[in-house]
Amino acid sequence: MLVSDEYIRGNYFTKLPGGGLEFGEGTRDCLKREFKEETNLDVTIGEHIYTTDFFQISAFNNVDQIISIYYYVHAGEPINLTTKTSLFDFTPDLVADPKGEAEVFRWIEWDHLSEQTVSLPIDKIVIRQIKQKSVRGKL
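Each value, and the rule that gives it
- Residues numbered from 1 in each chain as written.
- Predicted model: local features only at pLDDT ≥ 70, side-chain atom pairs only at ≥ 80, totals over all residues.
- Heavy atoms only, no water.
- Helix = DSSP H or I, 4+ residues; strand = E, 2+ residues; numbered from the N terminus.
- Rg over C-alpha atoms; globule rule 2.2 N^0.38 Å.
- Buried < 20%, exposed > 50% of the residue type's maximum accessible area, 1.4 Å probe, protein only.
- Contact = heavy atoms within 4.5 Å.
- Areas by Shrake-Rupley, 256 points an atom, 1.4 Å probe, with all protein chains shown as cover.
- Polar contact = N/O pair within 3.5 Å; in protein donor to acceptor, adjacent residues only side chain to side chain.
- Phe/Tyr/Trp six-rings, centres within 6.5 Å; stacked < 30°, edge-to-face > 60°.
- 1 Å grid on protein atoms, 1.4 Å probe; cavity = no way out; pocket = protein on both sides within 12 Å on 5 of 7 lines; lining within 4 Å.
- Points joined across faces, edges and corners; volume = space filled by probe spheres on them.
- Nonpolar A, V, L, I, M, F, W, Y, C, P; charged D, E, K, R; others polar.

A.B. asks: Kindly report on the overall build of the protein chain, identifying the contributing residues and their values.
C.D. replies: From N to C terminus, the protein chain includes two helices and six strands. Tracing the protein chain from N to C terminus, the helices and strands come up as β-β-α-β-β-β-β-α. Scaling as 2.2 N^0.38, a compact globule of 139 residues should have a C-alpha radius of gyration of about 14 Å, and the protein chain matches this with 15 Å. Dimensions along the principal axes, computed over C-alpha positions, put the protein chain at roughly 45 × 35 × 30 Å. Counting only residues that meet the buried cut, the protein chain has 38% of its 139 residues in that class. Considering only intrachain contacts with a sequence separation of at least 6, the fraction spanning at least 24 residues in the protein chain is 59%. For the protein chain, the accessible area works out to roughly 8700 Å², and carbon and sulfur atoms hold 51% of it.

A.B. asks: Help me get a handle on the side chain of E25, residues and values and all.
C.D. replies: Within the fold, E25 resides in the loop between β2 (11-15) and α1 (27-39). At 2.7 Å, the side chain of E25 and the side chain of R33 are in polar contact. Here E25 is in contact with G20, C30 and R33, once residues within four sequence places are set aside.

A.B. asks: Can you explain the environment of L113? Please cite residues and give values.
C.D. replies: In this structure, L113 sits in the loop between β6 (101-107) and α2 (121-135). Between the C-alpha atom of L113 and that of R128, which follows or precedes it by 15 residues, the distance is 9.4 Å. When sequence neighbours within four positions are dropped, the list of residues in contact with L113 reads M1, I108, I127, I130 and K131.

A.B. asks: I'd like a description of the packing of aromatic side chains, backed by residues and values.
C.D. replies: Tallying each qualifying case throughout the model produces six aromatic pairs. Between F13 and F60 the ring centres are 5.1 Å apart and the planes differ by 70 degrees, which places this aromatic pair in the edge-to-face class. Taken as a pair, F13 in strand β2 and F60 in the loop between β3 (43-51) and β4 (69-75) lie far apart in primary sequence, 47 residues in all. Geometrically, the ring pair formed by Y50 and Y70 is tilted, given 6.4 Å between the ring centres and 50 degrees between the ring planes.

A.B. asks: Account for the layout of surface pockets, with residues named and values stated.
C.D. replies: The volume enclosed by the largest pocket comes to roughly 1500 Å³. Lining the largest pocket are 50 residues; nearest its centre among them are K15, L16, P17, G18 and G19. When contributions to the lining of the largest pocket are tallied by element, the ones reaching two or more residues are β1 (2-8), α1, β3, β4, β6 and α2. In terms of residue count, the dominant contributor to the lining of the largest pocket is β4 (seven residues). A per-class count over the lining of the largest pocket returns 33 nonpolar, nine polar and eight charged.

Keep in mind these numbers describe shape, not what the thing actually does.
This is the structure we're talking about:
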């Protein structure tokens, strides 16, 4: 599974790829746009996985409530994406500014994927659900 290791304003996070909805945009179009912007991949949006059904304050500021919507994503082309193999493998210049931001991608082998792999509470729920679904043979 593809994860995003991010440095945001002095904090380190490992999260599932995605981003914010722009005004007038649908959730599937948003995810397509985010993947194109961040990975240069054209993707097809698959089955819906999960939508947040509880109050969650943003991890990035304490005044916004967030709602997260998760889908399976399928690459429509060979994946030619620069990825790292180590957690938070940033060059020093990328994390020198405590108010800066940086992002690198990393593949996690399915057998090594767990709730502990990711930092954000909603991502942890999604990882638990897809792992349980795969155990039941529905993935």
